[in-house]
Amino acid sequence: MTNIQTKVREVGLYINGEYTKAMDDATFEVKNPATQEVIARVSEATIEDVDRACHVARNAFENGPWRTMTVAERCAKLRRMAEIILERKEEIAGLDAIDVGKPFHSAVQHEVPRAANNIKFFADFMENQGGEVYPMEEEYINYTRYEPVGVAALITPWNVPFMLTTWKLGPCLAAGNTAIIKPAEMTPLSVSLLGEIAKEAGIPDGVVNIVHGKGSVVGTALTTHPEVDLVSFTGSTATGKRIMKNGADSLKKFSFELGGKAANIIFEDANLDKAIPVSIQAAFMNSGQVCLAGSRILVQRTILDEFINRFKKAAMELKVGDPQDAETRMGPLVSEEHYKKVTSYLEIAKDENATLICGGKRPELPEYLQNGYYLEPTVYIQENPKTRLCQEEIFGPVVTIIPFDTEEEALRIANDTEYGLNGVVWTENLQRAHRISHAVRAGTIWVNCWFVRDLRAPFGGFKKSGVGREGGHHSMEFFTEAKNICIALK
Ligand code: NAD
């Protein structure tokens, strides 16, 4: 359990190596979603604050030592940053637990070490980068250099605030760019520590800046700002579209990681002893607030009854409760607004004649959690894959089982979505595993597993789930400009 005190924190903007108040002193409150207690007052950046951060980042890029120091020196500082994150992992996980409502033990064991590794991985990766050489007979030689782009806006969502930010910050800084981070306004606490962590690691002032506030104001100010060269965004598809429009006039470079509605396809020859616990995780991890959630569970009709019985039993056994409790597997939803959105699908499911298998109501909880935004793990069966329940990203602990008869039908249902972030396949048939993996239109396919990541591999979405890829050289290509130099040899 964390020793984080529930005092009300004051969280400033971080600009030019210092925590500072907003120019007009404005703040907004952040609440613990398990209890609705106010846990922080956060400085709300004005457009002038954002403008200042952008100029500071530009100056640090053009005139500071970051871009031009040796790669070895830059990467050593990033590795130090990764070490400090690990040294402070309990504090960081504790902040995500009270801010997002995610189980502390999961954040401390998985997300924060992964965040540290994101930074270390890209430091190591950068140090091993080469370029290309294209000799043109004996007359010319071409070679390439990969140079930093400039000032990056890194805009992140509330579901995995710290880890997702480092996934962008690692390659951004390793390549020599400077950054302005804009965390989600609902969950800014852990990310705000990145300023002091960067400073302690010896990263020069102005290289990492953090601004807080509403997406419509602070996010828009960043994505329209002429000093911002590139925008790396993770969030909803609707916001991605808005950002692309807003950035068009200044022709920024974009990377978008957006929403998802993954099909988790269970064939009759699946090993259910593995498929069921992993499908439970894919459905309810982080209360289903995961872009990669396996929220459409396609089950072959021959095993439907057995699957439903076992999946229901496992869902009902999940302990829902206090994120600080080591036994808790599922915490609350992140906010009142999001709770209303997610629970509106309970009415939609009724209107669409879905069959409720379990959940659909608040769990019984101790008195001190009565105000938390809790919902039981909720499972429906819906025969019609065109319904809203099967098409829209609910982003909560609400999943739908969709029966199918043949492989062709499963594929048709799996691809009948505007999203294409990921897919999951459960089968013991090798040929079928490959066939389905090729045919599902999504950026990542997991066969007989889920959420296994290799940071070298591409990550991103087909269709409305994203633009571009993150991971390994894909991230480095985004955060660099390739330059071709051609030398005449005669
Ligand atoms: P969101 O789009 O509402 O907000 C994401 C971020 O964008 C926040 O920091 C927000 O303040 C900012 N923002 C909002 N409007 C903006 C604007 N006009 N200009 C600039 N910035 C703006 O998303 P959310 O509700 O925080 O996160 C949930 C969504 O994120 C889900 O759709 C989920 O699937 C997606 N997500 C995707 C991935 C992925 O890797 N593909 C990972 C995590 C979450």
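The name an unreviewed UniProt entry gives the protein chain is Aldehyde dehydrogenase, with Ureibacillus endophyticus as the organism. Recorded in UniProt for the protein chain, the comment headed Sequence similarities (unreviewed entry) runs: "Belongs to the aldehyde dehydrogenase family."

Glancing now at the pairing of strand β5 (residues 38-43). Alignment of strand β1 (residues 9-11) against β5, held across three bridges, turns out to be parallel. Each residue of the ladder has a partner; that of Arg-9, found in β5, is Ala-40. Both strand β4 (residues 27-31) and β5 contribute to a ladder of five bridges, which runs antiparallel. Across the sheet, Thr-27 pairs through a bridge with Ser-43, a residue of β5. Counting the residues in the hairpin turn of β4 and β5 gives six residues, including Gln-36, whose phi is positive at 70 degrees.

By the element assignment, Arg-74 lies in helix α2 (residues 71-87). For the buried residue Arg-74, which engages in no salt bridge, the nearest side chain bearing the opposite charge is Glu-73, 8.9 Å off. Beyond its immediate sequence surroundings of up to four residues, Arg-74 is in contact with Trp-66, Arg-67, Met-69, Met-126, Leu-173, Ala-174, Ala-175 and Gly-176.

An order of β15-β16-β17-β14-β13-β19-β20 is seen for the seven strands of this open sheet, with the pairing classed as mixed. Each of the sheet's edge strands pairs with one partner strand only, and the pair in question is β15 (355-358) and β20 (444-447). Going across the sheet, the axis of each strand differs from the next one's by a mean of 25 degrees, ignoring polarity. Sheet analysis places β15 next to strand β16 (residues 378-381), joined by three bridges and oriented antiparallel. In the strand pairing of β16, Leu-356 is matched with Tyr-380.

Right, let's get into the pairing of strand β13 (residues 263-266). Because side chains alternate across β13, one face comprises the buried residues Ala-263 and Ile-265, and the other comprises Asn-264 and Ile-266, equally buried. Two strands pair when backbone bridges link them, and β13 and strand β14 (residues 296-300) are joined in this way by four bridges, in the parallel orientation. Bridged to Ile-266 within β14 is Val-299. In this fold, β13 hands off to helix α10 (residues 272-284), which returns the chain to β14; that crossover is right-handed. Across four bridges, the pairing between β13 and strand β19 (residues 422-426) is parallel. Opposite Ile-265, over in β19, you have Val-425 as the bridge partner.

Close to the ligand lie 29 residues; Glu-185, Ser-236, Thr-239, Leu-258 and Glu-393 are nearest. Measuring from an oxygen atom of the ligand, one finds a backbone N or O atom of Thr-156 at 2.8 Å. One nitrogen or oxygen atom from the main chain of Gly-215 is found 3.4 Å from an oxygen atom belonging to the ligand. Among the secondary structure elements, those contributing two or more residues to the shell around the ligand are α8 (215-223), β11 (230-234) and α9 (237-248). Two domains share the shell around the ligand, each providing at least three of its residues, namely domain 1 (9-258 + 465-486) and domain 2 (263-454).

With 103 residues, the main nonpolar core has Met-81, Phe-284, Phe-311 and Ile-401 as its most contacted residues. Residue contributions to this core peak at 12 residues, all from helix α4 (residues 104-127). Both domains that furnish three or more residues to this core are identified here as domain 1 (9-258 + 465-486) and domain 2 (263-454). Setting aside its immediate chain neighbours within four residues, Met-81 contacts Ile-119, Leu-169, Leu-194, Ile-197, Ala-198, Ala-201 and Ile-203. If you look at the next biggest cluster of nonpolar residues, it comprises 24 residues, including Ala-53, Val-151, Ala-221 and Val-231.

Criteria and cut-off values
Residues numbered from 1 in each chain as written. Predicted model: local features only at pLDDT ≥ 70, side-chain atom pairs only at ≥ 80, totals over all residues. Heavy atoms only, no water. UniProt positions renumbered as here; feature names shortened; annotations may be inferred. Pairing = 2+ DSSP bridges. Helix = DSSP H or I, 4+ residues; strand = E, 2+ residues; numbered from the N terminus. Buried < 20%, exposed > 50% of the residue type's maximum accessible area, 1.4 Å probe, protein only. Lys, Arg positive; Asp, Glu negative; His and termini not counted. Salt bridge = Lys/Arg side-chain N within 4 Å of Asp/Glu carboxyl O. Contact = heavy atoms within 4.5 Å. Axes fitted to C-alpha atoms, helices over the stretch in contact; angles between N-to-C directions. Right-handed = clockwise from strand over helix to strand, strands pointing away. Near = heavy atom within 4 Å. Polar contact = N/O pair within 3.5 Å; in protein donor to acceptor, adjacent residues only side chain to side chain. Domains from an automatic or database assignment. Core = buried A, V, L, I, M, F, W, Y, C linked by side-chain atoms within 4.5 Å.

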